[in-house]
Amino acid sequence: MRRRIRETPNALGALGGLVWVVVTIVPIYYLVLTSLRRQQDYYIENPLLPPADPTLDAYRLVLENDFVRYLSNSLIVTVASVAVILTVSLMASYYLVRAGTPLSRGTLRLVLLGLAIPVQATIIPVYYLIVRLGLYDSLVALILPAIAFAIPISVLIIVNFVRDIPAELFESMRADGAGHGRILLALVLPLSRPALLTVGIYQALQVWNGFLFPLILTQSSSVRVLPLSLWTYQGQFAVNVPAVLAAVTLSALPVLAAFVVGRRQLVSGLTAGFGK
Amino acid sequence: MLHRREAEPAQPRPARQGPPFWLAVPALAFFGLFALLPLGGVAVLSFMEWDGLGTPRWAGAEIWLDTLADPATRAALWRTVVFVVVSFLFQAPVALLLGVFTAGRQRYRAAFAVLYFLPLLFSSAAIGIVFRSLLDPNFGLSRAFSPGTLSTNWLGDPDLALYAVIFVVGWAFVPFHALLYQAGVRQIPASLYEAATLDGAGRWQQFRYVTLPQLRYTIVTSSTLMLVGSLTYFDLVFVLTGGGPGDATRILPLDMYLTGFRSYQMGPASVIAVLLVAIGLALSLFLSRVSGSGRMQSQQAGAA
Amino acid sequence: MRHTRLRAAAAAMVAATALTLAACGGASPGDSTDAGTDGGDDAQNGEGGAASAWILTGGGWPVTAASFERWNGEHDDQPIAVEEFENDAFKEKIRTSVGSGEAPTLIMNWTGGTLADYVANDQVVDIGAETADLTGRVMPSVAQNGVIDGVTYAVPMNDVQPVVLYYNEDLFAQAGIEVPTTWQETLDAVATFKDAGIIPFSLAGQSVWPELMWIQYLTDRIGGPEVFQAVLDGEPDAWSDPAITEALTKIQELVEAGGFGDAFASVAADQSADAALVHTGRAAMLLQGSWVYATFHTDNPEFATSALGFTSFPEIEGGSGDPANIVGNPANFWSVSASASDEEQQTALDYLNEFVYDDEQLTAMLDAGSVPPVAGLEDRIAQSDDAEYLGFAYGLVQDAPHFQLSWDQALPSDQAQELLTNLSQIFLGEITPQQFVDAMNATL
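The structure displayed is predicted, hence computed values, not measured ones.

Turning next to the confidence of the model for chain B. Residues and elements named next belong to chain B. For chain B, the average pLDDT comes to 84, and 88% of its residues sit at 70 or higher. Scored below 50 in pLDDT, residues 1-15 shows 39 contacts in the model against residues more than four places distant or in partner chains. Confidence drops under a pLDDT of 50 for residues 294-304, and excluding neighbours within four residues, the segment shows 17 contacts in the predicted structure. Confidence estimates for the predicted assembly give a pTM of 0.83 and an ipTM of 0.88.

And the structure:
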């Protein structure tokens, strides 16, 4: 009996899986379809049928309205933040795992406590601080807090990997006369690569998608990042819904490209560090 | 958060010279200046009156009393509880089931998994804009069908809006958690299932007695991220409804933002921020206590 | 071998950090190509008189944008960088911007409570003497809004914006009824359209502020302008005036009767979805500011020229307010930021004196269907393409015994937010008029 049940394909599971496929796909299908409509057809045509007269006008309008600038702002903020996050977290993790002093243990506890701080809650003092530092309305204003808030989880993930590096490896390198910088680069860095990949991808997505900090800490279009630009396009294009949705579609393309190029690494990298 | 294991460094010899403290200084400097300092700042500001234009003025405990006594704050607090709990009840089972489902090696499941991943391509702002347009009762999806059907006023009806928002937030976040579960399931040794099959366990029994217990660390990680995440969730709600209709979706983080940056009452907004921090801390501690993961030692490294 | 690769990786990482930090420096606003979007830096960078201004999108704003383009074309040495915002986003950003000392040189406002806050914090400067020419051209009833304690801190810069009742003539013809002029006729029209499956009044409830127009007109028609003046003066229990309670009751009556359809809370004014409902024939009427006339013309020119009707808000039987009173915004105003450098301020003042309501802007405004708050334009209006509408709006303003500034602009921002929240709950039927009155009295 049981054997037979086990061998039947899981019809219920497949059905449930299919339902979620529909739930996932319909909004995206609607998005792409609508972005190809002519503005005047938007009010008339059935939203789920392909446009009678497809056009790329909406995309052209978006590209003519500084989309590339917002894209490059987002890229700068993301790359800068992630590079610094990885560098300082790796250095700190090496210290936190290998120092073995009361100071290092206390520091680790302090940093881990940071995991429980809801980032959004500090926005008012962060705003005040950024204004006082004269950084308001600059890309640096977005990068500095992004780094700060990424540190606890990044350190946690990397520490878990560094901790698994056998102590003998450190000792033999020390015995060979290697300095700490060299140990960091030649031993810790390569052996914690999965963790760095996870941190890198996870934080890149966080920073790339960030909305609240750009909303509060910047104002000019010259330093506007993508998620915020979508919101402002919505006001700028107003009734031109196809144009707004074209901007949304374009904003997903860079991540889609990364996804196509390295899906396996992305997906496994995103979760590898959390699994530990 | 995550099933964190306490720092128990693998017994370094005190005699050997460990790495110097300065290696941790850059990380600590960023963290201290832009996370800890503002955290202290928000506590101080919660006792001050500041309209965002002039300089902050000391006002004392009055702001706390006024804000806590304000029925609007209490309503927002309750709404936040509903938001967090219902979000969890929706996201966790769906993510778990999808994770288990996509961990299977069948080809169609791999294809589905690619599709499930798609929402991760979009920022919260993007998702908010799409759903706002999609759920518009006048010009949205409702026009695809004959008049009357599906023209429910999802985001405009105060009784429905919060649940509509919860659904959209779930749409955005389920994929990530499903990935966590998928990775978790794939780490379960096949031998456990073989043994269960030999014992005559059916599909449900295998799920109940093999998969679930083996996933416990993943469950703790994912649940903590979900609960603490939705407690402070802002972006999507802001773009979707801005807290409306009325104050039907004005959860605490939004209440903080609107009080601070629309009514320009930074004092009361800071009180709400401190509340958020306190609740977040309590929730994290509670979760790590419940899961007992605070005591896990590093020997379990490979187990999950 | 292995080590060299690692070292390369590490070096790449360091390089990336350095590079991006450099890139960030390069991207700071002071260096950006479009002539300085923030005040302070530019003066330090020695860019001289480069000023900045923020404007809105939609309505008659393209005229203002064009005016700046014209200015920049003629003044290479005194450029003004312009940023466009949607209405709600602007209201949120301008305050933080002013508070952070990074305000644009020209600060747009609606006067009222916000301007009073700026003045109290010394964030805008006295421009009375420098703009005397400009204010001399403007209707005194409009210009006086920018005066606080006898000092001019703001000058009008665009069209006068009375709130008008727009309607779809085709739908009225189909229904065979006339446009309502009294409250009873309004209720009758609602019933007729509802039976025909048409939304009687389009209302952008998601934006909430359009709901203010209803309570403002109803309160004024029922009890006159003194009722809200008492609120502004901070008199205790000013919201308890029976006129306000009656206005709230009438609103809920209208909602109950299906006057706004079922989905008004999902309609956003910033996307002009309320106007779209009217020009796509799904709603019969729209109570909105005069700027919507331009929106109709942009979004659906065919409808705007053939079937767009307009009239004033109905009378309320037994009300003591003058039915000629209007509500809305006298205009948008420019103030000059105190944190701007002398050169920036000079550029801004030059622009105000030379370009605001100059002949070209007046022509552009009339062409766009906007009414300038400038006296003596009757002849030009009569010759314009939109003579009928412009004459109507111009007359409305000139003949109004009282022009009530939008309540959310007139009140301090914390009270205004409270008002908007409670009002949206009235429309949603979440609270009773009494609860509204109690909540609002608590803010006084």
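After that view of the structure, there is still more to cover.
Those places that UniProt annotates as "domain: ABC transmembrane type-1" (unreviewed entry) correspond, in this numbering, to residues 71-262 of chain A. Annotated as residues 71-262 of chain A, this span is 79% helix and 0% strand, and its ends, taken at the C-alpha atoms, are 20 Å apart.

Opposite the 91 residues of chain A that make contact, chain B presents 84 residues. Top element by residues in the side of chain A that touches chain B is helix α2 (residues 11-35) of chain A. It accounts for 12 residues. Looking at side-chain class alone, the side of chain A that touches chain B contains 63 nonpolar, 19 polar and 9 charged residues.

Looking now at the interface of chain C and chain B. Residue-level contacts link 26 residues of chain C with 21 residues of chain B. Take the side of chain C that touches chain B: its biggest share by element is 6 residues, from helix α21 (residues 413-427) of chain C.

Here the focus is the pairing of strand β1 (residues 51-56) of chain C. All names here are of chain C. For β1, the tally of buried residues reaches 6 of 6 residues, placing the bulk of the element in the interior. Alternating positions in β1 separate into two faces, Ala51, Ala53 and Ile55 on one and Ser52, Trp54 and Leu56 on the other, with burial throughout. One ladder, built from 6 bridges, connects β1 with strand β2 (residues 80-85); its direction is parallel. Looking at the pairing, Trp54 lines up with Glu83 of β2. Each parallel crossover has a hand, and for β1 linked through helix α3 (residues 61-74) to β2 it is right-handed.

Our next topic: the packing of α3 of chain C against helix α17 (residues 359-367) of chain C. All names here are of chain C. Where α3 meets α17, the closest approach of the two axes is 10 Å, and the angle between their N-to-C directions is 150°. It follows from the interaxial angle that α3 and α17 lie roughly antiparallel. As α3 runs across α17, the sense of the crossing is right-handed. Together, Val63, Ala66, Ser67 and Arg70 of α3 and Glu360, Gln361, Ala364 and Met365 of α17 make up the contact between the two elements. Class assignment of the residues belonging to the contact of α3 with α17 gives a composition of 4 nonpolar, 2 polar and 2 charged.

Procedures and definitions
Residues numbered from 1 in each chain as written. Chains lettered and ligands numbered in written order. Predicted model: local features only at pLDDT ≥ 70, side-chain atom pairs only at ≥ 80, totals over all residues. pLDDT = per-residue confidence, 0-100. Contact = placed C-beta atoms within 7 Å. UniProt positions renumbered as here; feature names shortened; annotations may be inferred. Helix = DSSP H or I, 4+ residues; strand = E, 2+ residues; numbered from the N terminus. Nonpolar A, V, L, I, M, F, W, Y, C, P; charged D, E, K, R; others polar. Buried ≥ 20, exposed ≤ 12 C-beta atoms within 10 Å, placed from the backbone. Pairing = 2+ DSSP bridges. Right-handed = clockwise from strand over helix to strand, strands pointing away. Axes fitted to C-alpha atoms, helices over the stretch in contact; angles between N-to-C directions. Parallel < 35°, antiparallel > 145°, perpendicular 65-115°, else oblique. Left-handed = near helix turned anticlockwise from the far one by under 90°.

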